[in-house]
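Observations on the model geometry
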Amino acid sequence: MEQIQDVVGLGGGFFRLGASQLLGELQSNVYLLIDDGEAVLFGPGATVNFHELKENILKYASLRPLRAIVVHQQEPSSSSALVYLEKEGSRAAIATHWRTWGQLRFYGLSSQPYIIDEHAWVLRLSSGRVLQFLPTPYLYQPGAFATYDRATKTLLTGALLSSYTDKIRIYADDEQFLEQLKAFHRVNMPSKEFLAPIMQVLSKWDIERVMPSYGPIVRGDVGRVFSELAELECGELVRAEGLEAVYAGTEQSGATAAEVARLKEEIEALRRLNEELQHSIVVSKDRAIRDPVTGLYSEIFYKSFIDEDIAIRITESRPEDHVLAVFGIDENIAQIEYKYGSREVEALLHGVARIIEENLPKTAMAFRLHGATMAAWIPGILFDKGIELFDKIRYQIETSKSFVEPITVSVGVATLAEAASIQPELEKVAADMTDLGIRRLRLARRRGGNTVYFASEEENEVEVKARILIVDDDEVNVDVLKTYLTNEGYSILTAADGQEALSIVGKEIVDLVITELMVPKLDAYLLKESLLSKTATKDIPVIIISHLKTDVSIRRAYRLGITYYLQKPIILEELLGIVQNLTQVGNGP
């Protein structure tokens, strides 16, 4: 049994705390990052190594608060020491994926989780140092991820890029390592289909060393390791030849022919059941992430996907850019629905979505954000080529004969590079890029519509915001709200009763309705019910403002999906915050 007794300084604030013993063919690694007044633990390793871990943490981090414990995977060999750290008084946040936290919580932990996918895949330390989390799903657990430290160009991983070893050592320094690395991945990774794409993505990052959970640290020619694993066939235990080996083993052990046949039948039954379950999972997942009208990915899926994809792509260095296009139908959908019915509106939306999807490259994804607003995300495309493609889509929609009446679309285009250049906080880049695309869509409409818009001096001069309909028969209230919101850059429409409000929504594009509860002809409840009854208007958010605010009135509003109910007199700054929230990313232009 080989040992390394001392804590090893790795440079850049990193230390290897242990473990000091090799168990079987696995060398378990727990790392500590000390950065100014903070410490971050990566591991934290297994219960059997806890006393050694505790001793080494006290040596190097006793005077610094433990900010977070990064847990790349949930298996006991990587995480069971969490329980004992808590018993010793640790209250560090546990930084991990939501899937992994779903398993870790069964340890009975009281520490608060820091769910990385809810924090834009970053952890920013007090010094400004950024730890970037990179999703590596199913390698080899569903919530697997890696951590990239920009300051030292270091990648810390769970099982991914780990290896077997016959002796404990800090660095990989011989040819035998590569074979031990491959052997580990053949057995532990699900398939090449999962492993190869992640290796190709990592090869584009500026990585100088890899610090895995098991085995020696990789430094030097890291790119070669990525290339070798990208071509590796793995997941051998779940392949057909693996099952044949099971059959052969039972026959060689002296099992009777009937027993072997029964085993084969049971395995085949399990395989069929697994295939049925996998199909059900795929169908259920598809329903959850797809918009039922257009078949595009949903707005909810977009918000989680774009954060995750940008986390991977933001540091790539390449001549191509990553481009977002936001498409909006110029015609008033509510008016079309009034003339032809909801089925024709759904057919129109589906037709526009089909034209968008048919023209996109295989690497692109399309989404329905809200109402008649859709988006396309195209990674790795030259900007000029992207503009040509969006103009082609715009023209095909304009000249299509498949719609109930001619329609046009406007397109707002934004790139990851420009969003990153104006937003220094990585966790906000995705939202800012989407806002930029939506803002440019509104500018395209201001210019008359049926155009692709990507930048101009006008954009810097005028901040384009949403169009709001104010419904109230009190002229003083209307004037106050209209003046205030106009000064904040919003376009304002007004109506004195609910019937007039419906008429305006049928003729104009409206992003938000602010209404008094008790307005003539149709009160706020009936107005909302009327909006919900139409495909084109059901997603328009409504804010109620009224002197009347009781438990009964609030419950009725909530049942209709009205989540903001303000009592007069209102605080205008509070209203502005709600308006900004309801008209930003994903709530439609």
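Focus: the overall build of the protein chain
Each helix and strand counted, the protein chain has 21 helices and 23 strands in total. Taking all 589 residues of the protein chain together, 53% fall into the buried category. Put simply, 66% of the contacts in the protein chain that link residues at least 6 apart link residues at least 24 apart. Approximately 27200 Å² of the protein chain is accessible, and the part contributed by carbon and sulfur atoms is 51%.

Side note on helix 15 (residues 429-446)
Given a rise of 1.5 Å per residue, 18 residues ought to cover 26 Å, and the 26 Å separating the end C-alpha atoms of helix 15 matches this to within 8%. Looking one or two residues beyond helix 15, the residue adopting positive phi is glycine 448, at roughly 110°.

Topic: the pattern of salt bridges
Scanning all chains against the criterion turns up 22 salt bridges. When the shortest N-O distance is used, the salt bridge between arginine 67 and glutamate 38 registers 3.0 Å. Of this pair, arginine 67 sits in strand 5 (residues 66-70) while glutamate 38 is found in strand 4 (residues 38-42), placing the two residues 29 residues apart along the sequence. A residue is classified by how much of its surface remains accessible, and arginine 67, at 29% relative accessible area, is partly exposed. Of the residues examined, glutamate 38 reaches a relative accessible area of 10% and is grouped as buried. A salt bridge links lysine 153 to glutamate 208, with the nearest nitrogen and oxygen atoms 3.7 Å apart. A residue pair is termed long-range when its members are at least 10 positions apart, and lysine 153 in the loop between strand 10 (145-149) and strand 11 (154-156) and glutamate 208 in the loop between helix 6 (192-202) and strand 12 (209-211) qualify at 55 residues. The exposure class assigned to lysine 153 is partly exposed, which follows from its relative accessible area of 28%. Of the residues examined, glutamate 208 reaches a relative accessible area of 44% and is grouped as partly exposed.

Quick word on the packing of helix 5 (residues 176-188) against helix 7 (residues 222-230)
Taken N-terminus to C-terminus, the directions of helix 5 and helix 7 make an angle of 40°; their axes are 11 Å apart at the nearest point. Accordingly, the angle class assigned to the pair helix 5 and helix 7 is oblique. In this structure, the crossing between helix 5 and helix 7 has a hand that is right-handed. Seen from helix 5, the contacting residues are Phe177, Leu178, Leu181, Lys182 and His185; seen from helix 7, they are Arg224, Val225, Glu228 and Leu229. Residue composition of the contact of helix 5 with helix 7, grouped by class: five nonpolar, one polar and three charged.

A look at the confidence of the model for the protein chain
Put simply, the protein chain has an average pLDDT of 84, and 86% of its residues get 70 or more. Counting interchain partners and residues more than four positions distant, the pLDDT-below-50 stretch residues 237-243 has eight contacts. In the predicted structure, residues 585-589 sits below a pLDDT of 50 and forms 27 contacts with residues beyond four places in sequence or in another chain.

Comments concerning a negative patch on the surface
A contiguous patch of negative charge, built from Asp473, Asp474, Glu475 and Asp479, is present on the exposed surface. By secondary structure assignment, the location of aspartate 474 is in the loop between strand 19 (467-471) and helix 17 (475-487).

So, the packing of aromatic side chains
Using the criterion set out here, one finds 15 aromatic pairs in the structure. With a centroid separation of 4.9 Å and an interplanar angle of 75°, the aromatic rings of tyrosine 302 and phenylalanine 367 are classed as edge-to-face. Here tyrosine 302 is found in helix 10 (residues 299-313), whereas its partner phenylalanine 367 is found in strand 15 (residues 365-370), with 65 residues between them in sequence. Judged by relative accessible area, which is 1%, tyrosine 302 ranks as buried. Through successive ring pairs, a cluster of aromatic residues spans Tyr297, Phe301, Tyr302, Phe305 and Phe367. Sitting over the face of the ring of tyrosine 171, arginine 219 holds its NZ or CZ atom 3.5 Å from the ring centroid.

Quick notes on the side chain of threonine 165
Tracing the backbone through its elements, the reader meets threonine 165 in the loop between strand 11 and helix 5. There is a polar contact of 2.6 Å between the side chain of threonine 165 and the backbone oxygen of lysine 167. Beyond its immediate chain neighbours, meaning those up to four positions away, threonine 165 contacts Leu22, Gly24, Glu25, Gln27 and Gln180.

Some points on the sheet that holds strand 14 (residues 321-329)
A sheet is described by the order of its strands in space; here five strands give the open sequence 15-16-14-17-18, paired in mixed fashion. Both outer strands of the open sheet, strand 15 and strand 18 (452-453), are each paired with one neighbouring strand and no more. Two strands pair when backbone bridges link them, and strand 17 (residues 409-415) and strand 18 are joined in this way by two bridges, in the parallel orientation. Following the sheet pairing, glycine 412 is matched in strand 18 by tyrosine 453. Seen against the sheet, helix 10 touches strand 14, strand 15 and strand 16 (373-381) and runs at an angle of roughly 130° to strand 15.

So, the environment of glutamate 405
With respect to the element layout, glutamate 405 can be found in the loop between helix 13 (383-399) and strand 17. Glutamate 405 gets classed as buried once you look at its relative accessible area, which sits at 19%. Once the C-alpha coordinates of glutamate 405 and tyrosine 340 are considered, the two residues, 65 residues apart in sequence, prove to be 9.8 Å apart. Those residues in contact with glutamate 405 that sit more than four places away from it in its chain are Ile336, Lys339 and Tyr340.

Focus on the pairing of strand 16
The buried count for strand 16 comes to eight of nine residues, which makes it a mostly enclosed element. Here strand 14 pairs with strand 16 via seven bridges, running antiparallel. For valine 323, the partnering residue across the bridge sits in strand 16 and is isoleucine 378. Pairing of strand 15 with strand 16 involves five bridges; the strand directions are antiparallel. Note on strand 16: the bridge partner recorded for arginine 368 is methionine 374. Turn length for the strand 15-strand 16 hairpin, with the two strands adjacent in sequence and antiparallel, is two residues, and the turn residue glycine 371 shows positive phi of about 55°.

Quick look at the sheet that holds strand 13 (residues 218-219)
Spatial strand order, 8-9-10-11-12-13: six strands in an open sheet with mixed pairing. Each edge of the open sheet carries a strand with a single partner, namely strand 8 (122-124) and strand 13. Inspection of the sheet shows strand 9 (residues 130-135) paired to strand 10 by five bridges, in the antiparallel sense. Looking at the pairing, proline 135 lines up with phenylalanine 145 of strand 10.

Thoughts on the nonpolar core
Judged by nonpolar contacts, the single largest core of 34 residues is most densely connected at Phe327, Ile329, Val352, Leu360 and Phe390. Contributing elements (two or more residues each) for this core: strand 14, helix 11 (333-340), helix 12 (342-359), strand 16, helix 13 and strand 17. By residue number, the principal contributor to this core is helix 12, which donates seven residues. With sequence-adjacent residues up to four places away left out, valine 352 is seen in contact with Ile329, Met374, Ile397, Phe403 and Ile407. Leu181, Leu195, Ile198 and Val222 belong to the second largest nonpolar core, which has 32 residues in total.

Cut-offs applied
- Residue positions are counted from 1 within each chain, in the order its sequence is given.
- Reporting of local features is limited, given that this is a predicted model, to residues whose pLDDT is at least 70; pairs of side-chain atoms are given and counted only at 80 or more, and all residues count toward the totals for whole chains, interfaces and linings.
- As a rule here, side-chain values cover all heavy atoms of the structure and leave hydrogens and water aside.
- Helix numbering and strand numbering both begin at the N terminus, where a helix is a DSSP run of H or I of at least 4 residues and a strand a DSSP run of E of at least 2.
- Any residue under 20% of the maximum accessible area for its type is buried, any over 50% is exposed, and the rest in between are partly exposed; the area is computed with a 1.4 Å probe on protein chains only.
- Should any heavy atoms of two residues lie within 4.5 Å, those residues are counted as being in contact.
- Method for areas: the Shrake-Rupley scheme with a 1.4 Å probe, in which residue coverage is limited to the protein chains shown.
- By definition here, a helix of n residues has an expected span of 1.5 Å times n minus one.
- When a carboxyl oxygen of Asp or Glu lies within 4 Å of a side-chain nitrogen of Lys or Arg, that pair is called a salt bridge.
- Only C-alpha atoms enter the line fits that serve as axes; for helices the fit covers just the stretch in contact. Angles between N-to-C directions range over 0 to 180 degrees.
- Orientation labels follow simple angle bins: below 35 degrees gives roughly parallel, above 145 gives roughly antiparallel, 65 to 115 gives roughly perpendicular, and whatever is left gives oblique.
- With the far helix as reference, a near helix turned anticlockwise by less than a right angle produces a left-handed crossing, and one turned clockwise produces a right-handed crossing.
- Each residue is assigned to one class: nonpolar for Ala, Val, Leu, Ile, Met, Phe, Trp, Tyr, Cys and Pro, charged for Asp, Glu, Lys and Arg, and polar for all the others, Gly among them.
- Per residue, pLDDT measures the predictor's confidence, with a range of 0 to 100.
- Residues forming no salt bridge and having over 30% relative accessible area are the ones grouped into patches, like charges within 9 Å of each other and nonpolar side chains (Val, Leu, Ile, Met, Phe, Trp, Tyr) within 5 Å.
- Positive: Lys, Arg. Negative: Asp, Glu. His and the chain ends are not part of the count.
- A charge is said to be at NZ when it belongs to Lys, at CZ for Arg, at CG for Asp and at CD for Glu.
- Stacked, tilted and edge-to-face are the three classes assigned to paired rings of Phe, Tyr and Trp, where Trp is represented by its six-membered ring and a pair needs centres within 6.5 Å; plane angles under 30 degrees give stacked, over 60 edge-to-face, the rest tilted.
- In this scheme, the term charge over a ring applies when either NZ of a lysine or CZ of an arginine sits within 6 Å of the ring centre and within 35 degrees of the ring normal.
- In protein, a polar contact means a hydrogen-donor-capable atom and an acceptor-capable atom, both N or O and within 3.5 Å, with residues adjacent in sequence counting only if both atoms are side-chain atoms; elsewhere, any N or O pair within 3.5 Å suffices.
- Two strands are counted as paired when DSSP detects at least two bridges linking them.
- As used here, the term nonpolar core means buried Ala, Val, Leu, Ile, Met, Phe, Trp, Tyr and Cys residues forming a set that is joined through side-chain atoms within 4.5 Å.

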